[in-house]
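# Tertiary structure, described
Residue-level listing of the chains:
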Amino acid sequence: MKVGIVMGSVSDRKVMEGASEILREFGVEHEVKILSAHRTPAALEEWVSGLRQRGFAAVIAAAGGAAHLAGVCAAFTTLPVIGVPIKGRSTEGLDSLLSMVQMPSGIPVACVAIDGAKNAALLAIEMMAITNEELKLKLDNFREMQAAMVLANNEA
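A brief report on the enclosed structure follows. (Residues numbered from 1 in each chain as written. Predicted model: local features only at pLDDT ≥ 70, side-chain atom pairs only at ≥ 80, totals over all residues. Heavy atoms only, no water.)

Attention now goes to the nonpolar core. Judged by nonpolar contacts, the single largest core of 28 residues is most densely connected at M16, F26, V28, I60, V84 and I125. Counting residues per element, the ones that place at least two in this core are β1 (2-7), α1 (13-25), β3 (56-63), β4 (81-85), α5 (117-129) and α6 (133-155). When residues of this core are assigned to their parent elements, the largest contribution, 8 residues, is made by α5. Setting aside residues up to four positions removed in sequence, V28 forms contacts with M1, V3, L23, I125, M128 and L135. With 20 residues, the next largest nonpolar core counts W47, L51, F56 and V81 among its residues. (Core = buried A, V, L, I, M, F, W, Y, C linked by side-chain atoms within 4.5 Å. Buried < 20%, exposed > 50% of the residue type's maximum accessible area, 1.4 Å probe, protein only. Helix = DSSP H or I, 4+ residues; strand = E, 2+ residues; numbered from the N terminus. Contact = heavy atoms within 4.5 Å.)

See below:
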């Protein structure tokens with residue numbers, strides 16, 4: 001199973017590299033695209049609507065400002081869509097966050113924190129781990145390592 005990562009602008013790439021890092025760490029194949037809900041809607045529809053047939057399990061969509069990208073992705077697929085609001089200059093990403101969490105009933109978008117690309121990848125992995133024992137074991141190990149690091153810092 002694969003994860004699609006889409007962002008509305010090349011300027012989002014730095015934040016979204018965190019999602020790619022986590023997916024690589026867990027051995028999850030992923031594809032990264034830069035497509036705009038407003039500037040390239042036909043290309044976005046074509047890419048998103050074909051993901052299920054190509055073996056994808058989830059979509060991570062990142063955008064700033066009005067942040068319509070995640071919602072438009074969700075309109076074109078029944079795969080889970082995880083929105084990553086990107087911190088902007090004017091409202092520190094609050095506008096993006098509110099755009100993503102206020103989707104109309106029937107077209108859900110899960111949403112992580114502003115610039116929360118790593119958590120978006122972990123959420124996609126958790127979804128896939130429901131039916132993938134190998135990913136479940138990797139998640140268990142990841143959580144154990146996190147706990148061990150916290151405990152080790154307490155002893156230092």
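Here we take up the layout of surface pockets. Taken as a whole, the largest pocket spans an internal volume of roughly 260 Å³. Lining the largest pocket are 15 residues, and of these G8, S9, R39, A63 and G64 sit closest to its centre. Here the residues of the lining of the largest pocket sort into 6 nonpolar, 7 polar and 2 charged. (1 Å grid on protein atoms, 1.4 Å probe; cavity = no way out; pocket = protein on both sides within 12 Å on 5 of 7 lines; lining within 4 Å. Points joined across faces, edges and corners; volume = space filled by probe spheres on them. Nonpolar A, V, L, I, M, F, W, Y, C, P; charged D, E, K, R; others polar.)

Turning next to a nonpolar patch on the surface. A cluster of nonpolar side chains, contributed by L94, L98 and V101, occupies part of the molecular surface with about 250 Å² of accessible area. Structurally, the position occupied by L98 is in helix α4 (residues 94-101). (Patch = residues over 30% accessible without salt bridge, like charges linked within 9 Å, V, L, I, M, F, W, Y side chains within 5 Å. Areas by Shrake-Rupley, 256 points an atom, 1.4 Å probe, with all protein chains shown as cover. Salt bridge = Lys/Arg side-chain N within 4 Å of Asp/Glu carboxyl O.)

Packing of helix α2 (residues 41-49) against helix α3 (residues 69-76) leaves a shortest axis separation of 9 Å and a crossing angle of 55 degrees. Compared by their axis directions, α2 and α3 come out oblique. Crossing of α2 against α3: the hand is right-handed. Between α2 and α3, the residues in contact are L44, E45, V48 and S49 and L69, V72, C73 and F76, respectively. Partitioned by chemical class, the residues of the contact of α2 with α3 number 6 nonpolar, 1 polar and 1 charged. (Axes fitted to C-alpha atoms, helices over the stretch in contact; angles between N-to-C directions. Parallel < 35°, antiparallel > 145°, perpendicular 65-115°, else oblique. Left-handed = near helix turned anticlockwise from the far one by under 90°.)

Before going further, it helps to examine the pairing of β3. Each regular strand shows side chains that alternate between the opposite faces of the sheet. Burial analysis of β3 places 8 of its 8 residues in the buried class, which makes it a mostly covered element. In terms of strand pairing, β1 meets β3 through 6 bridges, oriented parallel. Looking at β3, one finds that K2 is bridged to F56. When β3 meets β4, the two strands line up parallel, connected through 5 bridges. Pairing of I60 across the sheet is with I82, part of β4. (Pairing = 2+ DSSP bridges.)

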